[in-house]
Amino acid sequence: SDLRNINFFIENCNNENVSLEVRQNYIGIARFFRAFFYFEKVVRFGDVPWINKVPDVNDDELLYAGRDSRTLVMDSVLADINYACNHITQGSDATGSMVTKWVAYALKSRICIFEGTFRKYHTEFGLESSANKWLDDAASAAKTVMENSGYTLNQSGGLDLAYRNLFISNNPINSEVMLAVVMN
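What counts as what
- Residues numbered from 1 in each chain as written.
- Predicted model: local features only at pLDDT ≥ 70, side-chain atom pairs only at ≥ 80, totals over all residues.
- Heavy atoms only, no water.
- Helix = DSSP H or I, 4+ residues; strand = E, 2+ residues; numbered from the N terminus.
- Contact = heavy atoms within 4.5 Å.
- Axes fitted to C-alpha atoms, helices over the stretch in contact; angles between N-to-C directions.
- Parallel < 35°, antiparallel > 145°, perpendicular 65-115°, else oblique.
- Left-handed = near helix turned anticlockwise from the far one by under 90°.
- Nonpolar A, V, L, I, M, F, W, Y, C, P; charged D, E, K, R; others polar.
- Expected span 1.5 Å × (residues − 1).
- Buried < 20%, exposed > 50% of the residue type's maximum accessible area, 1.4 Å probe, protein only.
- Salt bridge = Lys/Arg side-chain N within 4 Å of Asp/Glu carboxyl O.
- Patch = residues over 30% accessible without salt bridge, like charges linked within 9 Å, V, L, I, M, F, W, Y side chains within 5 Å.
- Areas by Shrake-Rupley, 256 points an atom, 1.4 Å probe, with all protein chains shown as cover.
- Core = buried A, V, L, I, M, F, W, Y, C linked by side-chain atoms within 4.5 Å.

Novice: How would you summarise the side chain of Lys101 if you had to cite specific residues and measurements?
Specialist: Secondary-structure assignment places Lys101 in helix α5 (residues 101–121). Not counting residues up to four positions away in its chain, the partners in contact with Lys101 are Cys85, Asn86, Ile88 and Gln90.

Rendered as structure tokens:
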């Protein structure tokens, strides 16, 4: 249902009464979540079917689709996260709980380092020639976050207590925490 909801939103976010920039921002957020969804599935299961449209209940071919190649799925994930990085307009969040441009770049770095090292060390798939591209993208995305996002390591309470304070705080320390699950 999560994937269906994401694809439904992407397909139907086309109201021309809403400016193109706003629509692209929200489509970027949706594509961030689709990239995250598929990244988690690939990490857990390996090859998975790539579905980028809302399936019709009578579409047995799509509903019972076999696994797609890893390159198709991960290239599609990379396209989604690149779109998110380029179109999410929110740059900061005082609550530390919203998807921002920097959260998208951080996820891109994580996705690319995973896929790059997978391709480099799992030579049985024959994908090692593309490993460096993924690793370069990981480094570039991480560098973008480090140089432009404004996030820093937490140092509240001094060096002895900074790490502890990060995890016992009632609210996310938004100078370091990029995306928190906030609950009481």
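Novice: How would you summarise the environment of Asp80 if you had to cite specific residues and measurements?
Specialist: Inspection of the secondary structure puts Asp80 in helix α4 (residues 70–87). It is 31 Å that separates the C-alpha atoms of Asp80 and Phe167, two residues lying 87 residues apart in sequence. What Asp80 contacts, discounting residues up to four positions off in sequence, is Arg31, Arg34, Ala35 and Trp50.

Novice: Residues and numbers for the packing of α4 against α5, please.
Specialist: In contact at an axis separation of 9 Å, α4 and α5 are set at 160 degrees when each is read in the N-to-C sense. When the axes of α4 and α5 are compared, the pair comes out roughly antiparallel. Handedness of the crossing formed by α4 with α5: left-handed. Of the residues in α5, those touching α4 at Arg70, Thr71, Met74, Asp75, Val77, Leu78, Ile81, Asn82, Ala84, Cys85 and Asn86 are Lys101, Ala104, Tyr105, Leu107, Lys108, Ile111, Cys112, Phe114, Glu115, Phe118 and Arg119. Classifying every residue of the contact of α4 with α5 by side-chain character gives 13 nonpolar, three polar and six charged.

Novice: Before we move on, can you summarise helix α6 (residues 131–148) with the specific residues and values?
Specialist: The terminal C-alpha atoms of α6 lie 26 Å apart, and with 18 residues this matches the ideal 26 Å at 1.5 Å per residue to within 8%. Residues of α6 that are buried include every one of Ala131, Trp134, Leu135, Ala138, Ala141, Thr144 and Val145, and no others. Those residues of α6 hidden inside the fold are in contact with α4 and α5. Count one or two residues on from α6 and you reach Gly150, which has phi positive near 90 degrees.

Novice: Go over the pattern of salt bridges with me, naming the residues and quoting the values.
Specialist: All told, the structure shown has six salt bridges when counted by the stated rule. Taking the shortest distance from any N to any O, the salt bridge between Asp80 and Arg31 comes out at 2.6 Å. Taken together, the residues Asp80 in helix α4 and Arg31 in helix α2 (residues 20–45) connect sequence positions 49 residues apart. What makes Asp80 buried here is its relative accessible area of 1%. Taking the shortest distance from any N to any O, the salt bridge between Arg70 and Glu115 comes out at 2.9 Å. You can see Arg70 sitting in helix α4 and its partner Glu115 sitting in helix α5, a full 45 residues away along the chain.

Novice: Which residues make up a nonpolar patch on the surface, and what are the values?
Specialist: Taken together, the side chains of Phe9, Val18, Val22 and Tyr26 present a nonpolar region at the surface, about 320 Å² in accessible area. Relative to the helices and strands, Val18 resides in the loop between α1 (2–12) and α2. Using a relative accessible area of 31% as the deciding quantity, one classes Val18 as partly exposed.

Novice: Outline the nonpolar core, listing residues and values.
Specialist: For soluble globular proteins, nonpolar side chains are generally found buried alongside one another. Counting 34 residues, the largest nonpolar core has Phe32, Tyr38, Val77, Ile81 and Ile111 as the members making the most contacts within it. In this view, Tyr38 contacts Leu3, Val48, Pro49, Trp50, Ile51, Val73 and Val77; residues no more than four positions away in its chain are not counted.

Novice: So what's going on with the environment of Asn7? Which residues, and what values?
Specialist: Within the secondary structure, Asn7 is located in helix α1. Residue Asn7 is classed as buried on the basis of its relative accessible area, which comes to 1%. Distance from Asn7 to Leu62, taken between C-alpha atoms, is 14 Å for residues 55 residues apart in sequence. Excluding anything up to four places from it in sequence, Asn7 contacts Arg34, Ile51, Asn52, Lys53 and Val54.

Nothing here speaks to function; it is geometry throughout.
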